Amino acid sequence: MSKIKSFEKSDLKRDQKVLIYGAGRYGELAYWGLKQLGIDVNFFIDEYRAGDEMLGIPVISPIEMTEYTNDIILLASYNYFAEMYYLAKESGAKYIYDILNLLVMEYDESVLSEYLQDEKHNYMKYKNVVENMLQNKLVINHCEIVLTECCSLKCKDCANLMQYYKKPEHLDIDEIISSFNNFLDSVDMLLDLRLLGGEPFIYPHLDRIVNEYKNNDKIRRIAIYTNSTIVPSENVLDALRNVKTVVHMSDYGNASRKIGLLEEKFNEAGIEYYIHRYEKWKNIGNVCKRDYNAATLKNIYQTCVMGKCYTLYRGKFYLCPRAAHGERLGFFSNPADEFVDFNGTINVSEKRKELQELVARNTYITACNYCNGSSLKSESIPAAIQV
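Conventions adopted
- Residues numbered from 1 in each chain as written.
- Predicted model: local features only at pLDDT ≥ 70, side-chain atom pairs only at ≥ 80, totals over all residues.
- Heavy atoms only, no water.
- Helix = DSSP H or I, 4+ residues; strand = E, 2+ residues; numbered from the N terminus.
- Buried < 20%, exposed > 50% of the residue type's maximum accessible area, 1.4 Å probe, protein only.
- Polar contact = N/O pair within 3.5 Å; in protein donor to acceptor, adjacent residues only side chain to side chain.
- Phe/Tyr/Trp six-rings, centres within 6.5 Å; stacked < 30°, edge-to-face > 60°.
- Pairing = 2+ DSSP bridges.
- Axes fitted to C-alpha atoms, helices over the stretch in contact; angles between N-to-C directions.
- Contact = heavy atoms within 4.5 Å.
- Disulfide = S-S within 2.5 Å.
- Salt bridge = Lys/Arg side-chain N within 4 Å of Asp/Glu carboxyl O.
- Right-handed = clockwise from strand over helix to strand, strands pointing away.

Topologically, asparagine 181 is positioned in helix α6 (residues 173-185). Classification of asparagine 181 as partly exposed rests on a relative accessible area of 28%. For the pair asparagine 181 and asparagine 343, spaced 162 residues apart in the sequence, the C-alpha separation amounts to 9.8 Å. A polar side-chain atom of asparagine 181 sits 2.8 Å from a polar atom in the side chain of tyrosine 213.

Here's what the structure looks like:
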């Protein structure tokens, strides 16, 4: 891949249109950055939202890029950055840019959601993807490590299937560290290490995990995801008190009963955190087999907002948490090409190749046939209803 220039206002010539490739979070951040420059967006480009609108702007399909070869194409994704670049090049686009300069612009962030503010502040994630793609390095955007199946809530519609565990367990700390070290040996960089459960503040060794990896140069950030029901111990608070770690707090109203106390504790300790208010979830459904046809399975996989939600569970790296927990709970079995096993002694070059093949996968997986799918058009249901 040749070097890509970051877009500047001076790059826009008279009569050129501006198209943002990616109608997700980074697309919206690019939009707000352009707005600060007084530049209008003509189209968003997104295969799965084509025909819709985003922020009042039409969304077109990537195949329509051939009509805009002399216009500006901005690559607004880190999950699919390389794929977007090559598709834009193949369409004949002459003016392709990354959006880094738009991400670092300063403006009133009250127009952004909590998640968008977090993505904007963590712009290095996007920068690292751009720079390392150019060097053909294996950069994994995120990896969710499941620390425990135990949870302080029992949500009827939990997408990660925690409600189905009859005898939930804490995962062995040494096995987690061993398998995750094997994973790290196989990659060049991990942008987000996400620690979750269940409820991670229940896990008795959370401080050890954070302390183990907070100074690891391959990991750019550590994020804890909590349902805001448990106040962590002083040892955990001490571990979280570092520039690399951030806490994401879900606000489910009355269910998130410790959210005020958590805010107080985190403010006192100087711990970075974000609060995300959830009133609705997507209705992913139960874990019964659907018997979808191939076309439906392809659509579910390619439109899934949880797609490529990389999960390391019991030493195996999966493309989504439903695949991991659905297998553990006995609802289905995943074939060998749908996960990478990092347990035990590994051949690093072989595991690296397996991982590259898995993250590049563009065909549906077994878990898709046990799921309603989670697209932007999926039915919404009340969040965090307790069993």
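The subject of this paragraph is the packing of aromatic side chains. This structure, assessed with the given rule, holds 18 aromatic pairs. Where tyrosine 26 meets tyrosine 126, the ring centres are 5.6 Å apart and the plane angle is 25 degrees; that geometry is what we call stacked. Residue tyrosine 26 is found in helix α1 (residues 25-36), and its partner tyrosine 126 is found in helix α5 (residues 124-134); the two are separated by 100 residues along the sequence. Exposure remark for tyrosine 126: the relative accessible area of 0% places this residue in the buried category.

Okay, the sheet that holds strand β14 (residues 311-313) next. Strand order in the open sheet formed by eight strands is β12-β11-β10-β9-β8-β14-β15-β16, with mixed pairing between adjacent strands. The open sheet has two edge strands with one neighbour each: β12 (272-277) and β16 (339-341). For this sheet, the mean angle separating the axes of adjacent strands, direction not counted, is 25 degrees. In terms of strand pairing, strand β10 (residues 222-226) meets strand β11 (residues 245-251) through five bridges, oriented parallel. By the bridge assignment for β11, alanine 223 is matched with valine 246. The strands touched by α6 within the sheet are β8 (139-146), β9 (189-196), β14 and β15 (316-318), with β8 carrying the most contacts at an inclination of about 170 degrees.

For the rest of this paragraph, the subject is the state of the cysteines. A covalent bond between the sulfur atoms of two cysteines is referred to as a disulfide. Scanning the model with the defined rule gives zero disulfides in all. Here cysteine 288 is not cross-linked by a disulfide; its sulfur's nearest cysteine counterpart is in cysteine 371, at 12 Å. Cysteine 371 provides the cysteine sulfur closest to cysteine 304, a residue in no disulfide bond, and the two sulfurs are 6.2 Å apart.

Oppositely charged side chains can form a pair if their charged atoms are brought close together. One pass over the full model with this rule turns up 25 salt bridges. Between arginine 328 and glutamate 169 there is a salt bridge, with the nearest N and O atoms lying 3.8 Å from each other. Placement of the pair is arginine 328 in helix α11 (residues 321-328) and glutamate 169 in the loop between β8 and α6, with a sequence separation of 159 residues. Salt bridges linked by common partners bring Arg25, Asp118, Glu119, Lys125, Glu144, Asp192, Arg194 and Arg221 together as one network.

With that settled, consider the pairing of β10. Among the five residues that make up β10, four are buried, leaving the element largely enclosed by the rest of the structure. The pairing of β9 with β10 spans three bridges and is classified as parallel. Within β10, the position partnered with arginine 194 by the bridge is alanine 223. As for the winding sense of the linkage, the β-α-β connection from β9 through helix α7 (residues 206-213) to β10 is right-handed.

Worth remembering: the numbers are spatial, not functional.
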